[in-house]
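# Coordinate inspection notes
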Amino acid sequence: MQLENLEKIHQLGKTTVHALRGVSLTVREGEFTVVMGPSGSGKTTLLNLIGTLDKPTSGRALIDGEDIAKMNDGQLTRLRRHKIGFVFQFHNLIPVLTAFENVQLPLLTSRTKRREAEDRANELLDRVGLKERARHLPDELSGGEQQRVAIARALANRPRIILADEPTGDLDTQTGSEVVRMMYEVARQEHAAVVVVTHDPIIAERADRLLEMRDGRITEIVHEPLTGEKHAIRAIESVPPEPGRSLSQPN
Ligand code: ADP
Ligand code: MG
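Let me begin by describing the structure that accompanies this report. (Residues numbered from 1 in each chain as written. Chains lettered and ligands numbered in written order. Predicted model: local features only at pLDDT ≥ 70, side-chain atom pairs only at ≥ 80, totals over all residues.)

### Focus: the overall build of the chain
This is how the line gets drawn: Numbered from the N terminus, helices here are DSSP runs of H or I no shorter than four residues, and strands are runs of E no shorter than two. Think of it as a crowd count around each C-beta: if 20 or more other C-beta atoms lie within 10 Å the residue is buried, if 12 or fewer it is exposed, and in between it is partly exposed, with C-beta placed from the backbone throughout. A pair of residues counts as a contact when their C-beta atoms, built from backbone coordinates, are within 7 Å of each other.
In terms of regular secondary structure, the chain is built from seven helices and 11 strands. The burial tally for the chain puts 36% of its 251 residues in the buried class. A separation of at least 24 residues holds for 67% of the contacts in the chain among residues at least 6 apart in sequence.

### Things to note about the sheet that holds strand E1 (residues 2-12)
To keep things clear, this is the line we draw: Two strands qualify as a pair provided DSSP detects at least 2 bridges between them. Only the contacting stretch of a helix is used when fitting its axis, a line to C-alpha atoms as for every element, and angles between N-to-C directions run 0 to 180 degrees.
Taken in spatial order, the four strands make up an open sheet running E2-E1-E4-E5, and their pairing is antiparallel. Two strands close off the open sheet at either side, each with one partner strand: strand E2 (15-26) and strand E5 (66-67). Both E1 and strand E4 (residues 58-63) contribute to a ladder of four bridges, which runs antiparallel. Looking at the pairing, Gln2 lines up with Leu62 of E4. Against the sheet, helix H1 (residues 43-50) engages E1, E2 and E4, with an angle of about 60° to E2.

### Overview of the site of ligand 1
Condition: Defining nearness, a residue is near a molecule or strand when the C-beta atom obtained from its backbone falls within 6 Å of it.
Lining the immediate environment of ligand 1, one finds 14 residues, of which His10, Ala19, Lys43, Thr44 and Thr45 sit closest. Contributing elements (two or more residues each) for the shell around ligand 1: E1, E2 and H1. For the shell around ligand 1, the element with the highest residue contribution is H1, accounting for three residues.

### Topic: the nonpolar core
Looking at soluble globular proteins, one finds that nonpolar side chains tend to be buried together. Note the threshold: Any nonpolar core is a set of buried residues, restricted to Ala, Val, Leu, Ile, Met, Phe, Trp, Tyr and Cys, that join up through C-beta atoms within 7 Å.
Counting 59 residues, the largest nonpolar core has Ile162 and Met183 as its most contacted members. Among the elements that make up this core, the one with the highest residue count is helix H5 (residues 143-155) (six residues). Sequence-distant contacts of Met183, defined by excluding residues within four places in its chain, comprise Val87, Ile151, Ala164, Pro167, Val194 and Val196.

### Regarding the environment of Pro56
For Pro56, the position within the fold is in the loop between H1 and E4. Of the residues examined, Pro56 has 20 C-beta atoms within 10 Å and is grouped as buried. Counting along the chain gives 47 residues from Pro56 to Ile9, while the straight-line C-alpha distance between them is 8.0 Å. Not counting the four nearest positions on each side in its chain, Pro56 is found in contact with Leu6, Glu7, Lys8, Leu49 and Ala61.

### As for H5
For the record, the criterion: Expected helix span is taken as 1.5 Å per residue step, with the number of steps being one fewer than the number of residues.
Taking 1.5 Å as the rise per residue, H5 with 13 residues should run 18 Å; its terminal C-alpha atoms sit 19 Å apart, in good agreement. In terms of burial, H5 is a largely internal element, 11 of the 13 residues being buried. The set of residues buried in H5 consists of Glu145, Gln146, Gln147, Arg148, Val149, Ala150, Ile151, Ala152, Arg153, Ala154 and Leu155. Turning to H5, the residues buried within the fold contact strand E6 (84-87), helix H3 (99-109), helix H4 (114-127), strand E7 (161-165) and helix H6 (173-189).

### Thoughts on the environment of Asn92
Inspection of the secondary structure assignment puts Asn92 in the loop between E6 and H3. For Asn92, a count of 13 C-beta atoms within 10 Å corresponds to the partly exposed category. Residues Asn92 and Pro138, spaced 46 residues apart in sequence, show a C-alpha to C-alpha distance of 9.7 Å.

### Quick word on the pairing of E2
Relative to E2, E1 runs antiparallel, the two sharing nine bridges. From the neighbouring strand, Leu6 faces E2, where its bridge partner is Val23. Here E1 hands over to E2 after two residues, with Gly13 in that stretch at a positive phi of 60°.

### As for the packing of H5 against H6
As a reminder of what qualifies: Orientation categories follow fixed angle ranges, with anything under 35 degrees roughly parallel, anything over 145 roughly antiparallel, 65 to 115 roughly perpendicular, and all other angles oblique. Crossing handedness is read from the near helix: turned anticlockwise from the far helix by less than a right angle, it gives a left-handed crossing, and turned clockwise, a right-handed one. Side-chain classes are defined by residue name, with Ala, Val, Leu, Ile, Met, Phe, Trp, Tyr, Cys and Pro counting as nonpolar, Asp, Glu, Lys and Arg as charged, and the others, Gly among them, as polar.
Orientation of H5 relative to H6, taken along the N-to-C sense of each, is 20°, at an axis distance of 10 Å. Between H5 and H6, the interaxial angle falls into the category roughly parallel. Handedness of the H5/H6 crossing: right-handed. Packed against H5, whose contacting residues are Gly143, Gly144, Gln147, Arg148, Ile151 and Leu155, the element H6 presents Thr175, Glu178, Val179, Met182, Met183 and Val186 at the interface. Here the residues of the contact of H5 with H6 are counted per class, giving six nonpolar, four polar and two charged.

### Some remarks on H6
Under the convention used in this document: Taken from the helix axis, the directions to the C-beta atoms give the arc we talk about.
Over its 17 residues, H6 extends 25 Å from the first C-alpha to the last, a length consistent with the 24 Å expected when each residue adds 1.5 Å. Among the residues making up H6, those that are buried are Gly176, Val179, Val180, Met183, Val186 and Ala187. When H6 is viewed along its axis, its buried side chains cluster within an angular range of 130° and face the same direction. Exposed and oriented more than 90 degrees from the buried face of H6 are Gln174, Glu185, Arg188 and Gln189. Looking one or two residues past H6, His191 carries a phi angle of roughly 60°, positive in sign.

As structure tokens, this is what we get:
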């Protein structure tokens, strides 16, 4: 997945928000990327563009060299179903389906054979440590367990990339850390790339890449290989913004 100089301007009535101001980024196979940054800096906008849930105002997003803007709705649906897995801030599980059925659902909608879908759902629930909870409804699970089901569901169709936007929702800090750590382990086993928005410093420390968003721009924070503690900061973009196009933000 390759992002080239993405800009996104949100229009809300008369208010114009320049949410992304020229973001370039390559997400590589199997890589675990953490995105940090203050509220309103454009993190969700970025993830939505990577996930093809939204279109850029300018710039290009390429997946396997193909421009997303040139794909029709059918191609985009297939792309999202097979190549991208989403983990949202709150789990979004279907309340009347069991944990097992929630994980199995994306497999059945992508026409996987029932037996194969069952095996895959069981395998994933086992990996996220919920084998014993497979027959429970979301309501009967803790917040952390619900998010683990959501991770298993996101991985069901063996996506190449998992996008997780503050997946720790309203979990307490420790449970939140455990959930993201589990996502890290499982995605690694499945060779899926992950882009996760999280504020957890321990996860950030383990990330292959650590990015910081500020005011619609992205900066890579490079781990010092020797100490692992000090960080050097290097800007990714070289293109300065055009002064006339910088629009003020309402908040
Ligand atoms: P973050 O996830 O880092 O908090 P967002 O990507 O949600 O940031 O938002 C970046 C900026 O874009 C904010 O100023 C926000 O208010 C604005 N924004 C996001 N989505 C919309 C939208 N759909 N319509 C108008 N403005 C939006
Ligand atoms: Mg957000």
